[in-house]
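One-letter residues, chain by chain:
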Amino acid sequence: MGIEELVASLGDNILTTTLGKVVGWGRGNSVWPAQFGLACCAIEMISTATAGVDIARFGSEAFRASPRQSDLMIVSGRVSQKMAPVLRVVYDQMPEPKWVISMGACASTGGVFNNYALLQGVDKIVPVDVYIPGCPPRPEDLLNALMILQERIKAQGIIPLP
Amino acid sequence: MIKSPSPGVTVTRTGEQGAFGGELLTVNFGPHHPSTHGVLRLIVDLDGEQIKRVVPVIGYLHTGIEKQMEALRWQQGVVVTDRHDYLSPPINNLAYALAVERLMGVEVPPRAQVLRVIMSELTRLASHLVWMGTSGLELGAMSMLMYCFRERDTIMDMNEEISGFRMHTSYIRPGGVMADSTPRFLEMLDQFIRDMPGHIDEYEDLLTMNPIWRSRTIGIGRLTPEDAKVLGATGPMLRGSGVAWDLRKSIPYSGYENYDFEIAVSNDCDCYGRYLVRIKEMREAVKILRQALDKIPDGPVNVDDRKMLPPPREELETSMEAVIHHFKLFTEGYSVPPGDVYVAVESGRGENGCYIVSDGTHKPRRVKFRSASFVNLQALERMALNHMVADLIAIIGTADAVLGDVDR
């Protein structure tokens with residue numbers, strides 16, 4: 001059935017839903033990540049955006065160069081002590097509502113590098129919604145994390161202000 | 001914690017007078033900037049749009065890899081070498097493995113040597129593909145990313161077939177390689193070698209005569225052969241300045257002297273020259289892969305030394321000695337004779353060296369990586385001087401610094 005026929009059959013009908021559901025549906029299907037590559041995982045993040053796995057299918061192909069235009073921060077790689085304040089500034093510049101995916105073992109826990117130079121898990125400085133294991137995770141893993149996050153955003157609807 | 005500036009681009013006035021009657025402006029470029037190939041931060045002084053000074057600020061990805069290796073046993077260190085230059089893991093493995101083997105006085109079997117060459121050349125291709133895709137993207141040729149990553153994914157599938165992992169394979173280890181190649185890997189490699197020259201033609205169709213690409217790269221980022229040598233540049237940076245220096249030819253390792261290939265050189269001395277060098281290197285890499293596949297010998301892929309590598313699984317059930325060796329290797333590892341050694345290999349970015357010091361125990365006393373990206377970054381100011389600020393993107397792009405390699 002073409003869209004014109006569909007519209008014709010609907011006529012002047014009204015769709016009823018809750019505002020939370022519509023907003024959640026809209027937000028969940030257009031999560032724009034900040035273009036924030038750190039290390040090895042960033043290469044797999046780029047792979048996720050290319051034709052092979054194609055993150056565009058989930059409405060997240062618009063990697064924004066400015067944190068002010070993005071909803072999602074994918075912490076792709078190891079975060080050094082020197083980078084940590086920068087990462088926090090980028091996170092603070094993102095408008096609410098915002099989400100964080102911690103991509104890979106280094107971002108989640110420090111990975112194999114239990115030493116003086118690395119932050120042992122990015123959740124020490126920003127709240128993380130989804131953790132992805134792997135070093136680096138496959139592009140499919142990142143897509144899976146995005147789908148988990150989408151489910152959560154859709155279920156969340158409108159978050160009341162504290 | 002160290003105080004850091006705003007991560008994007010910030011501008012401050014210096015008070016110095018420029019040549020055009022205006023004031024010099026200091027522009028902070030990065031560390032969070034989409035075009036710096038990672039987390040490079042540059043402090044650029046601008047007169048109008050002309051670059052007068054460039055100071056790279058590094059260390060935003062400092063991982064403490066060299067220190068970490070002192071806490072790991074010799075065979076565990078391989079895993080960490082993967083992660084410093086994350087676009088060419090097997091080549092890093094190779095530098096480390098060759099250094100350890102030289103201290104121990106071990107020679108790996110011929111089949112392992114050929115497999116090492118195959119993995120190195122596949123990685124060189126993958127590294128150049130990532131370079132071409134991202135540099136193309138930054139200079140406006142967005143489709144390059146899609147094409148280049150398509151072939152890179154084929155290489156990643158091959159990595160997965162031979163080692164079980166896409167990027168950080170840890171495939172090349174002291175004493176040989178992780179496992180023998182599977183028949184399917186060799187089939188995939190054969191198909192890849194058939195397809196790749198056509199794909200490289202495709203990239204050339206898109207870029208070599210592309211007027212936008214040419215105007216953004218020709219005459220931009222000039223580096224004279226003398227400067228390149230003085231500043232210690234290696235790899236495509238040096239060869240793009242007309243100096244025919246390739247460690248695979250000048251100090252052959254892993255049997256590279258048995259392959260017939262040419263050193264890719266360009267006398268253009270600019271960004272375009274470095275692009276041509278990389279294209280030529282990709283073609284040469286395919287040539288080497290073909291020769292390696294045709295003459296791959298049969299035989300073992302690891303040294304026959306129970307003190308260095310674990311015995312095969314089936315021996316464990318029949319031999320008490322094998323069980324002891326197995327237990328010793330996985331509890332305390334092997335020890336390397338005291339001494340120090342420096343081994344350098346040619347990675348996609350240049351001379352990738354590994355200097356190790358052993359005090360005779362089962363852990364390294366010191367491991368130092370001579371990373372090509374770090375040294376190549378020195379030439380950045382020489383290349384960028386008096387260019388427009390927009391050209392800085394092309395210059396950083398063709399310098400191909402991997403920040404994991406710079407900061408380690």
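Criteria and cut-off values
The written sequence of each chain sets the order in which its residues are numbered from 1. All chains are assigned letters beginning with A, and all ligands numbers beginning with 1, in the order in which they are written. pLDDT decides what is reported in this predicted model: residues at 70 or higher carry local features, side-chain atom pairs at 80 or more are listed and counted, and totals for whole chains, interfaces and linings draw on all residues regardless. Secondary structure counts use DSSP, requiring at least four H or I residues in a row for a helix and at least two E residues in a row for a strand, with both numbered from the N terminus. Both definitions apply: the radius of gyration is a C-alpha atom measure, and the globule rule equals 2.2 Å times residues to the power 0.38. Contact definition: two residues whose C-beta atoms, as placed from backbone geometry, lie within 7 Å. The residue classification treats Ala, Val, Leu, Ile, Met, Phe, Trp, Tyr, Cys and Pro as nonpolar and Asp, Glu, Lys and Arg as charged. All others, Gly included, are polar. We call a residue exposed when 12 or fewer other C-beta atoms sit within 10 Å of its C-beta, buried when the count reaches 20 or more, and partly exposed for counts in between; the C-beta positions come from the backbone. Summary of the metric used: pLDDT quantifies the predictor's per-residue confidence within the range 0 to 100. Strands were regarded as paired on the criterion that DSSP finds at least two bridges between them. For helices, the axis comes from a line fit to the C-alpha atoms of the stretch in contact; other axes are also lines fit to C-alpha atoms, and the angle between any two N-to-C directions lies between 0 and 180 degrees. A helix's residues, less one, multiplied by 1.5 Å, set its expected span. By arc we mean the arc of the directions from the helix axis to the C-beta atoms, nothing more. Residues of type Ala, Val, Leu, Ile, Met, Phe, Trp, Tyr and Cys that are buried and joined through C-beta atoms within 7 Å form what is called a nonpolar core. Domain limits in this description derive from either an automatic procedure or a database domain assignment.

Engineer: I keep staring at the overall build of chain B and nothing clicks. Help me out?
Structural biologist: Helix and strand counts for chain B stand at 16 helices and nine strands. In terms of C-alpha radius of gyration, chain B reaches 23 Å, essentially the compact-globule figure of 22 Å for 408 residues. For chain B, the spread of C-alpha atoms along the principal axes amounts to about 85 × 50 × 35 Å. Sequence separation of 24 or more characterises 68% of the internal contacts of chain B that already satisfy a separation of 6 or more.

Engineer: How do you make sense of the interface of chain A and chain B when you look at a structure like this?
Structural biologist: Listed per partner, the contact involves 33 residues of chain A and 34 residues of chain B. Where the side of chain A that touches chain B is concerned, the elements lending two or more residues are α3 (40–49) and α4 (84–93) of chain A. For the side of chain A that touches chain B, a count of residues per class yields 21 nonpolar, eight polar and four charged.

Engineer: Could you clarify how one ought to interpret unusual backbone geometry in this entry?
Structural biologist: Negative phi characterises most residues that are not glycine, and trans characterises most peptide bonds. Geometrically, the link from Glu96 of chain A to Pro97 of chain A is a cis peptide bond, its omega value of -10° lying close to zero. With an omega dihedral of -10°, the bond running from Cys135 of chain A to Pro136 of chain A counts as a cis peptide bond. With respect to the element layout, Pro136 of chain A can be found in the loop between β4 (130–132) and α6 (139–156). The backbone phi angle of Ser254 of chain B is positive, close to 50°, even though this residue is not glycine. Within the element layout of this structure, Ser254 of chain B appears in the loop between α10 (247–250) and α11 (271–294). Positive phi is not limited to glycine here, since Asn386 of chain B has a value of about 65°. On the secondary structure map, Asn386 of chain B appears in the loop between α14 (380–384) and α15 (391–399). Looking at Asn386 of chain B, the number of C-beta atoms within 10 Å reads 10, which means it is exposed.

Engineer: Can you help me understand the confidence of the model for chain B in this one?
Structural biologist: When pLDDT drops low, the exact placement of atoms in the prediction is not to be read closely. Of all residues in chain B, 96% have pLDDT values of 70 or greater, and the mean over the chain is 87. Interface confidence for the predicted complex, given as ipTM, is 0.84, next to a pTM of 0.89.

Engineer: Just checking my understanding: could you explain the sheet that holds strand β3 (residues 99–103) of chain A for this structure?
Structural biologist: Strand pairing within a sheet occurs via backbone hydrogen bonds; the two strands may be parallel or antiparallel. Residue and element names in this part refer to chain A. Read from one edge of the open sheet, four strands run β1-β2-β3-β4, paired in parallel fashion. Each end of this open sheet is capped by a strand with a single partner; those strands are β1 (33–34) and β4. With three bridges connecting them, β3 and β4 associate as parallel partners. Counterpart to Ser102 in the pairing with β4 is Tyr131. Each of β2 (72–76) and β3 is contacted by α3, which is oriented at about 130° to β2, the strand it contacts most.

Engineer: What is the right way to read α6 of chain A from this model?
Structural biologist: Side chains that are three or four residues apart share a direction in an α-helix, a result of its 3.6 residues per turn. Residue and element names in this part refer to chain A. With 18 residues, α6 should cover 26 Å at 1.5 Å per step; its first-to-last C-alpha distance of 26 Å lies within 8% of that length. Listed as buried for α6 are Pro139, Leu142, Leu146, Leu149, Gln150 and Ile153. Buried positions in α6, seen along its axis, are confined to an arc of 110° and lie on one side of it. For α6, the exposed residues lying more than 90 degrees away from the buried face are Glu151 and Ala155.

Engineer: I'm lost on the nonpolar core in this one. Help?
Structural biologist: For soluble globular proteins, the rule of thumb is that nonpolar side chains tend to be buried together. In this structure, Val75 and Val79 of chain A together with Ala95 and Ile395 of chain B are the most contacted members of the largest nonpolar core, which totals 159 residues. Per-element tally for this core: the top contributor is helix α4 (residues 110–138) of chain B, with 13 residues. Both domain 1 (9–57) and domain 2 (65–303 + 335–407) of chain B contribute no fewer than three residues apiece to this core. Those residues within four positions of Ala95 of chain B in sequence are excluded, and the remaining contacts are Val343, Ala344, Val345, Asn352, Gly353 and Cys354 of chain B.

Engineer: I tried to follow the domain arrangement of chain B on my own but got confused; where do I start?
Structural biologist: A common way to state how big an interface is: give the accessible area lost once the parts meet. Residue and element names in this part refer to chain B. Split into domains, chain B comes out as domain 1 (9–57) and domain 2 (65–303 + 335–407). Domain 1 and domain 2 are separated by 31 Å when their C-alpha centres are compared. Counting from both sides, the interface comprises 13 residues of domain 1 and, opposite them, 17 residues of domain 2. For the side of domain 1 that touches domain 2, the secondary structure elements donating two or more residues are β3 (41–47) and β4 (50–57). Grouping the constituent residues of the side of domain 1 that touches domain 2 by class yields seven nonpolar, five polar and one charged.

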